[in-house]
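Each chain, written out:
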Amino acid sequence: MLVFFRNNQVSTAILLAIFTFLVRIPAILGYITPDEQPADGAGMLYEMIFGQVAQNHTLSAILSAILVFIQGLLVNWLINRTRVNPERNWLGPLLYVVVVSAIPDFLFLSAPLVAATFFPLTVRLTFQIYKSNDPTLIVFDTGFLIGVAALFYVPAMWYFLPILLGLAHVRSVKVREIVVFFGGLAVPGFLGWVYALWHNSGSVFRSQQFGSLWQFWNFQIDSSLSIQIRCGLLALLFLTVLLSFNAYYFKRLIQVQKYNNILYWLLLTTCVSALLRNVPTLEHFLLAGTSVGIFLALSFQNIKNKAIAEVLFFSLIVVIECIMFI
C-alpha cells in the first residue's frame, strides 16, 4: 500500500479518496453507529450548519469521509510547502487519514472533526511567517482561523497559546503583531455574538462559547472494554510519535526543527485541553490528527526496509478494522 503513495503525482489524490472511503466503509454502510450522546463543546456554527445533519448517521459518515479527504489534501499542501517531510510524497495525508479513522468515534461528523479542518491552514500560516517581509496580515489570519475553529468546537480556542508561541518561535514578533493576533482571534467571536444578539440569544451564545471553555474534570471515566481498547490504540499512536522524537530532528534544518517543535506543542495542547473538559470525549483527540499524521508518515518513511514498513502498515490497518467490530 505504501508504495502507491511514495510519489508526488497529483493523480495519487484519487487513490487517497478511495482509501479514505474504504477505511471508513463500516460507518457508511451502517455496521457502526455513533454513540447516542450530545456533542460536548460544540459551538454555535456547528449546531447551525451540521446540527441536523449529524442526526442522520449515514449522511454523517459520508460527509465526514469527504471532510477527512479534504483535510488530507490540506495536510499534503502543508507538508510540501514547508518541507517538513524531506521527500515529496503522499505518506503524510495517507497516515493522517489512518489516524482520524482509527476508532469508531472518529467515523462520524463531529464538532472536533470540523474544527480540525482549520489546523493545517493555521499551521501553514504559522510556518509561513518565517519568510514574510510584512507578517501583520499573516498573524491576523492565524488568530482569525483559530477563532473560527472555536465557533465550531469551543476547546479549539486553547490552541491560541501554542500558535502564538509558534509565531514567536519561528521569528521574533513585535508587540503590535501580538495585538493584531488577539484582534484576529476576537473577530469571529464578536461577529458571532452580534449575530446571536440580533436574534435575541446573546446570553445563550456567551454561555455556549465561554461557559464550556473551562470545566472541571469528572474523574468517573468509562472503564468498559471497548473504551479501553480505543484508548489503548490512541495511546499507542501517541507513544510512537513521542518515542521517535530523535528521528524527526536528525540531520534536519534548524527551521524544520522549529516546525517540528510547534507540531509537538499542538499535540501537547490536545492532551492538556482534554483535562479541561468535564467528561472528555475521544473525538477531542482529532485535533491532534495533523501532528500525529505527519510524524507517523516520517516514521514509516524512515524505515529503510520497505517490506517491513508495508507489513507494519498493513498490521495497523488490520488492528483498526478489528477494533471497528469489537
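Use the structure listed above.
Rules used in this analysis
- Residues numbered from 1 in each chain as written.
- Predicted model: local features only at pLDDT ≥ 70, side-chain atom pairs only at ≥ 80, totals over all residues.
- Heavy atoms only, no water.
- Core = buried A, V, L, I, M, F, W, Y, C linked by side-chain atoms within 4.5 Å.
- Buried < 20%, exposed > 50% of the residue type's maximum accessible area, 1.4 Å probe, protein only.
- Contact = heavy atoms within 4.5 Å.
- Phe/Tyr/Trp six-rings, centres within 6.5 Å; stacked < 30°, edge-to-face > 60°.
- Helix = DSSP H or I, 4+ residues; strand = E, 2+ residues; numbered from the N terminus.
- Expected span 1.5 Å × (residues − 1).
- Polar contact = N/O pair within 3.5 Å; in protein donor to acceptor, adjacent residues only side chain to side chain.

1. Quick word on the nonpolar core
Formed by 100 residues in total, the largest nonpolar core has its most connected members in Leu94, Phe127, Phe152, Val241, Leu263, Val292 and Phe313. If sequence neighbours within four positions are ignored, Val241 has contacts with Tyr248, Tyr264, Leu267, Val292, Phe295 and Leu296.

2. Looking at the packing of aromatic side chains
Within the structure shown, the criterion is met by 18 aromatic pairs. For the ring pair Tyr248 and Phe295, a centre distance of 4.6 Å and an interplane angle of 15° mean the geometry is stacked. In this pair, Tyr248 sits in helix α13 (residues 245-249) while Phe295 sits in helix α15 (residues 289-302), placing the two residues 47 residues apart along the sequence. Among the residues examined, Phe295 registers a relative accessible area of 0% and is labelled buried.

3. Looking at helix α5 (residues 91-99)
Of all 9 residues in α5, 9 are buried; the element is thus mostly enclosed. Considered for burial, the residues of α5 that qualify are Leu91, Gly92, Pro93, Leu94, Leu95, Tyr96, Val97, Val98 and Val99.

4. So, α15
An α-helical turn contains 3.6 residues, so a residue and the one three or four places further along point in the same direction. Here α15 is 14 residues long and its end C-alpha atoms lie 20 Å apart, about the 20 Å a rise of 1.5 Å per residue gives. Within α15, 13 of the 14 residues are buried, leaving the element largely enclosed by the surrounding structure.

5. Observations regarding the side chain of Thr142
Looking at the element boundaries, Thr142 is found in helix α8 (residues 136-152). Look at Thr142 and you get buried, because its relative accessible area is 0%. Of note is the side chain of Thr142, whose polar atom sits 2.7 Å from the backbone oxygen of Ile138. When neighbours within four sequence positions are excluded, Thr142 is seen to be in contact with Thr122, Leu125, Thr126, Ile163 and Phe181.

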